[in-house]
Amino acid sequence: MSDRRLRHADSAAFRHAMRALASGVAIIACGEGEARVGCTITSLASLSLAPPTLFVCLARSSTTLAGLREERAFSISLLAARHEALAHRFSGHGGAHGARRFDGAQWITLSTGAPVLADAIAAFDCVVEELIERHSHTIILGAVVSLREGAAEPALAHRQGAYSALA
């Protein structure tokens, strides 16, 4: 590489280009009762199979991240295409906040006590292994302590700012 300085790409252009990437949609949640918090996520991936570990990225300003820091445990519920309204509600666009986001759906718990969507196509129950602060976000490494598989049905995907079914 030459001596010239490389700079970060323009943030707006980067955001626009990333909209071309299709992502699965999930809800991350933690807490119990009226202290439950959760939000819609698309930044989720498997990190390791042995031991089972995943990672998710949340904005540092997220109230879900604040709850997760306190609880040290969380769930990830992968959404089916029929869960589009739930994804919208947990994204903050529906006006519901905190525990009110959980209304209208059935929630269960697995090992950690974090709320899991009962009819998710898959769900992961995790304990926080590590929090890594980078720029505007926190990367959460979650050790998967239990999981649950649901019905085989089309998944909810997000691309170009819209939801769609992914067979």
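This text gives an overview of the structure that appears in the document. Remember, it's a predicted structure, so these values are computed and weren't measured experimentally.

1. With respect to the environment of Val 116
Position of Val 116 relative to the elements: it lies in strand 8 (residues 115-117). Given the relative accessible area of 0%, Val 116 is considered buried. In this structure the C-alpha to C-alpha distance between Val 116 and Pro 154, which are 38 residues apart in sequence, comes to 19 Å. Once residues lying within four places of it in the same chain are set aside, the contact partners of Val 116 are Ser 75, Ser 77, Gln 106, Trp 107, Ile 108, Leu 110 and Ala 123.

2. A word on the sheet that holds strand 9 (residues 122-134)
Taken together, seven strands build an open sheet; the order of strands is 3-2-6-9-10-5-4 and the sheet is antiparallel. The open sheet has two edge strands with one neighbour each: strand 3 (37-41) and strand 4 (44-49). Each neighbouring strand pair of the sheet contributes to a mean axis angle of 30 degrees, computed without reference to strand direction. For strand 4 and strand 5 (residues 52-59), the ladder comprises five bridges, and the chain directions are antiparallel. Residue pairing in the sheet places Leu 49 in a bridge with Pro 52 of strand 5. Helix-sheet contacts for helix 2 (residues 63-71) involve strand 2 (26-30), strand 3, strand 5, strand 6 (73-78), strand 9 and strand 10 (137-149), and the interaxial angle to strand 2 is about 45 degrees.

3. A look at the layout of surface pockets
Looking at the largest pocket, its volume works out to about 1,500 Å³. As for the largest pocket, its lining consists of 39 residues, and the residues nearest its centre are Arg 15, Thr 42, Ser 43, Cys 57 and His 137. The element best represented in the lining of the largest pocket is strand 3, accounting for five residues. Class assignment for the residues of the lining of the largest pocket results in 13 nonpolar, 21 polar and five charged.

4. Details of a nonpolar patch on the surface
A grouping of Phe 14, Met 18 and Leu 21 is seen on the molecular surface, where their side chains present a nonpolar patch of about 310 Å² in accessible area. For Phe 14, the position within the fold is in helix 1 (residues 11-18). When its relative accessible area of 52% is taken as the criterion, Phe 14 is described as exposed.

5. Let's talk about helix 1
Burial of helix 1 is sparse: only zero of the eight residues sit out of reach of the surface. In this structure Asp 10 caps helix 1, since a side-chain oxygen of it lies 3.2 Å from the backbone nitrogen of Ala 12.

6. Some points on the nonpolar core
As a rule of thumb, soluble globular proteins bury nonpolar side chains together. Counting residues in each nonpolar core, the largest one holds 17 residues, and the members touching the most others are Ile 28, Ile 41, Leu 58, Leu 68, Phe 74, Ile 76 and Ile 140. Listed in part, the twelve residues of the second largest apolar core include Leu 79, Leu 86, Ala 87 and Leu 156.

7. Structural notes on the sheet that holds strand 11 (residues 155-159)
Strands sit in the order 1-11-12 across an open sheet of three strands; the sheet is antiparallel. In the strand order of this sheet, the two ends are held by strand 1 (23-24) and strand 12 (162-166), each with one partner. Here strand 1 pairs with strand 11 via two bridges, running antiparallel. Residue pairing in the sheet places Ser 23 in a bridge with His 158 of strand 11.

8. Focus: the pairing of strand 10
Pairing of strand 5 with strand 10, which is carried by seven bridges, proceeds in the antiparallel orientation. In the sheet register, Thr 53 faces strand 10, and the bridge partner there is Ala 143. When strand 9 meets strand 10, the two strands line up antiparallel, connected through twelve bridges. The residue bridging Ile 132 from the neighbouring strand is Ile 139, located in strand 10. Two successive antiparallel strands, strand 9 and strand 10, enclose a turn made up of two residues, where His 135 displays a positive phi of approximately 55 degrees.

Quick notes on the rules
Residues numbered from 1 in each chain as written. Predicted model: local features only at pLDDT ≥ 70, side-chain atom pairs only at ≥ 80, totals over all residues. Heavy atoms only, no water. Helix = DSSP H or I, 4+ residues; strand = E, 2+ residues; numbered from the N terminus. Buried < 20%, exposed > 50% of the residue type's maximum accessible area, 1.4 Å probe, protein only. Contact = heavy atoms within 4.5 Å. Pairing = 2+ DSSP bridges. Axes fitted to C-alpha atoms, helices over the stretch in contact; angles between N-to-C directions. 1 Å grid on protein atoms, 1.4 Å probe; cavity = no way out; pocket = protein on both sides within 12 Å on 5 of 7 lines; lining within 4 Å. Points joined across faces, edges and corners; volume = space filled by probe spheres on them. Nonpolar A, V, L, I, M, F, W, Y, C, P; charged D, E, K, R; others polar. Patch = residues over 30% accessible without salt bridge, like charges linked within 9 Å, V, L, I, M, F, W, Y side chains within 5 Å. Areas by Shrake-Rupley, 256 points an atom, 1.4 Å probe, with all protein chains shown as cover. Salt bridge = Lys/Arg side-chain N within 4 Å of Asp/Glu carboxyl O. Polar contact = N/O pair within 3.5 Å; in protein donor to acceptor, adjacent residues only side chain to side chain. Core = buried A, V, L, I, M, F, W, Y, C linked by side-chain atoms within 4.5 Å.

The values reported here are purely geometric and, on their own, carry no functional implication.
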